[in-house]
Amino acid sequence: YGESLAQVLALVGVRPVADSLGRVNKVELIPLEKLGRPRIDVVVSCSGVFRDLFINQMNLMDRGIKMAAEADEPLDQNFVRKHAIEQAEELNVSVREAAARVFSNSAGSYSANVGLAIENGGWEDESQLQEQFLTRKGFAFNADKPGMMEQQADLFKSALKNVDVTFQNLDSSEISITDVSHYYDSDPTKVVQGLRDDKKKPMSLMADTTTANAQVRTLSETVRLDARTKLLNPKFYEGMLGTGYEGVREIQKRLRNTMGWSATAGEVDNFVFEDANSVFIEDEEMQQRLLDTNPNAFRDMVTTFLEANGRGYWETTDENIERLQELYAEVEDRIEGI
């Protein structure tokens, strides 16, 4: 979390100020002359866990961003102020109120539940997922009213429509972007695209700080790397199959989470689904191993492939789709004991 906090403050051009005991209780603006570049506007979407554990850090971010918004500086050198002024006019609020940039769930609420919808297939289209994200994550933190998370959906949308780049940190070598739904549940890429006046999809970046050699990659590169090292890697899926019933469920969960990135960001290459189909479906011996080990998870895997195709995330041959449809019926009959 420290990386994310430092990135936000650095982009805005704010630095933490420690007291005599080394505690950071306030922030100050870095002068433009010393900063050497414009202040970059940032919209921060915090998890519910971050909100619960790091309320003081949210306070620092909010105060720092509002300092930048109220600084008497040229608008072409301070995009925080530029956008806050535009939003204040649009929403008929003060510049300070319009400068709210730290958002999360309401108190006691967690996640956008986008992951949950994708996991159970209970969503009609992407607009439903996007509205869910905006509704659940659109509560603003306000340092002027500590302890309160106020619903500010209009302000959240107004801030997001100016976003050019979405960004997340990957800081655990044990939990990758398809191990859990959290990463794509928090991804606003298509949300921003829908809100922007030009409907242009923002650039999506992810910082890999799992080693000392930190790297920033595009989201599509990160998804490709994750697929090749986990889902499509024989060492991974054979290791999972070696654990039995739960291993098949883990393979299926990773495939489903990969489709989640298609839904929220559209950054999954077609070859990922095509190669996964070749590995787990076209290979009849592998197909039988999966079916014998965990028929329910295998049925979910077949369903995921069909859903990915049906929603336009995977283009493949009619032959592959017919095979999957026949296979689904066969697996369903087996589970039902027919």
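See above for the structure.
Quick notes on the rules
Along each chain, the written sequence defines residue order, and numbers are assigned to residues from 1. Given that this is a predicted model, residues contribute local features only at a pLDDT of at least 70 and side-chain atom pairs are listed and counted only at 80 or more, while totals for whole chains, interfaces and linings are drawn from all residues. The side-chain numbers reported here are obtained from all heavy atoms of the structure, hydrogens and water having been left aside. Helix and strand definitions here come from DSSP, where helices need a minimum of 4 consecutive H or I residues and strands a minimum of 2 consecutive E residues; each element is numbered from the N-terminal end. The span expected for a helix works out to 1.5 Å for each residue beyond the first. Partly exposed describes any residue whose relative accessible area lies between the buried limit of under 20% and the exposed limit of over 50%, with all areas from a 1.4 Å probe on protein chains only and scaled to the type maximum. To obtain an axis, a line is fitted to C-alpha atoms, over the contacting stretch when the element is a helix, and the angle between two such axes runs from 0 to 180 degrees between their N-to-C directions. Roughly parallel here means an angle under 35 degrees, roughly antiparallel means over 145, roughly perpendicular means 65 to 115, and every remaining angle is called oblique. Helix crossings are classified by the rotation of the near helix relative to the far one: an anticlockwise turn of less than a right angle makes the crossing left-handed, while a clockwise turn makes it right-handed. Any two residues having at least one pair of non-hydrogen atoms within 4.5 Å are treated as being in contact. Three categories are distinguished: nonpolar for Ala, Val, Leu, Ile, Met, Phe, Trp, Tyr, Cys and Pro, charged for Asp, Glu, Lys and Arg, and polar for the others, with Gly belonging to the last. Stacked, tilted and edge-to-face are the three classes assigned to paired rings of Phe, Tyr and Trp, where Trp is represented by its six-membered ring and a pair needs centres within 6.5 Å; plane angles under 30 degrees give stacked, over 60 edge-to-face, the rest tilted. The criterion for a charge sitting over a ring is simple: Lys NZ or Arg CZ within 6 Å of the ring centre, and within 35 degrees of the ring normal. Patches draw on residues past 30% relative accessible area with no salt bridge. Two like charges within 9 Å are joined, as are two nonpolar side chains (Val, Leu, Ile, Met, Phe, Trp, Tyr) within 5 Å. Per-residue and other accessible areas were derived by the Shrake-Rupley procedure at a 1.4 Å probe size, with only the shown protein chains allowed to occlude residues. Salt bridges are identified by distance alone: a Lys or Arg side-chain nitrogen within 4 Å of an Asp or Glu carboxyl oxygen. His is not counted, nor are the chain ends, whereas Lys and Arg count as positive and Asp and Glu as negative. Note that the charge is assigned to NZ on lysines, CZ on arginines, CG on aspartates and CD on glutamates.

So what's going on with helix α17 (residues 295–310)? Residues and values would help.
Helix length check: α17, at 16 residues, gives a terminal C-alpha distance of 22 Å against a target of 22 Å (1.5 Å per residue), a fit within 8%. All of the buried residues along α17 are Ala 297, Phe 298, Arg 299, Met 301, Val 302, Thr 304, Phe 305, Glu 307 and Ala 308. Backbone geometry just after α17 places Gly 312 at a positive phi near 85 degrees.

I'd like a description of the packing of helix α16 (residues 284–293) against helix α18 (residues 318–336), backed by residues and values.
The interhelical angle for the contact between α16 and α18, taken along N-to-C directions, is 30 degrees, at an axis separation of 11 Å. In terms of orientation, α16 lies roughly parallel with respect to α18. Both α16 and α18 take part in a crossing whose hand is right-handed. Mapping the contact onto sequence places Gln 287, Gln 288, Leu 291 and Asp 292 in α16 and Leu 327, Val 331 and Arg 334 in α18. Considered class by class, the residues forming the contact of α16 with α18 number 3 nonpolar, 2 polar and 2 charged.

Which residues make up the packing of aromatic side chains, and what values do they have?
This model, assessed by the stated rule, comprises 6 aromatic pairs. With centroids separated by 5.1 Å and ring planes inclined at 40 degrees, the aromatic side chains of Phe 50 and Phe 54 adopt a geometry described as tilted. Phe 50 gets classed as buried once you look at its relative accessible area, which sits at 7%. Phe 54 sits in the partly exposed class, given a relative accessible area of 25%. On the numbers, 5.3 Å between centres and 75 degrees between planes, the contact of Tyr 237 with Phe 280 is edge-to-face. Residue Tyr 237 is located in helix α13 (residues 234–242), and its partner Phe 280 is located in helix α15 (residues 270–282); the two are separated by 43 residues in the primary sequence. Taking the relative accessible area as the measure of exposure, Tyr 237 reaches 10% and is therefore buried. Taken together, the aromatic side chains of Phe 103, Phe 133 and Phe 156 make up a single cluster linked through ring pairs. Of note, Arg 51 hangs over the ring of Tyr 110, and the distance from its end group to the ring centre comes to 4.9 Å. Positioned above the aromatic ring of Trp 123, the side-chain terminus of Arg 311 is 3.5 Å from the ring centre.

Please set out a negative patch on the surface residue by residue, giving values where relevant.
Among the surface-exposed residues, Asp 318, Glu 322, Glu 326, Glu 330, Asp 333 and Glu 336 lie close enough to one another that they form a single negatively charged patch. With respect to the element layout, Asp 318 can be found in helix α18.

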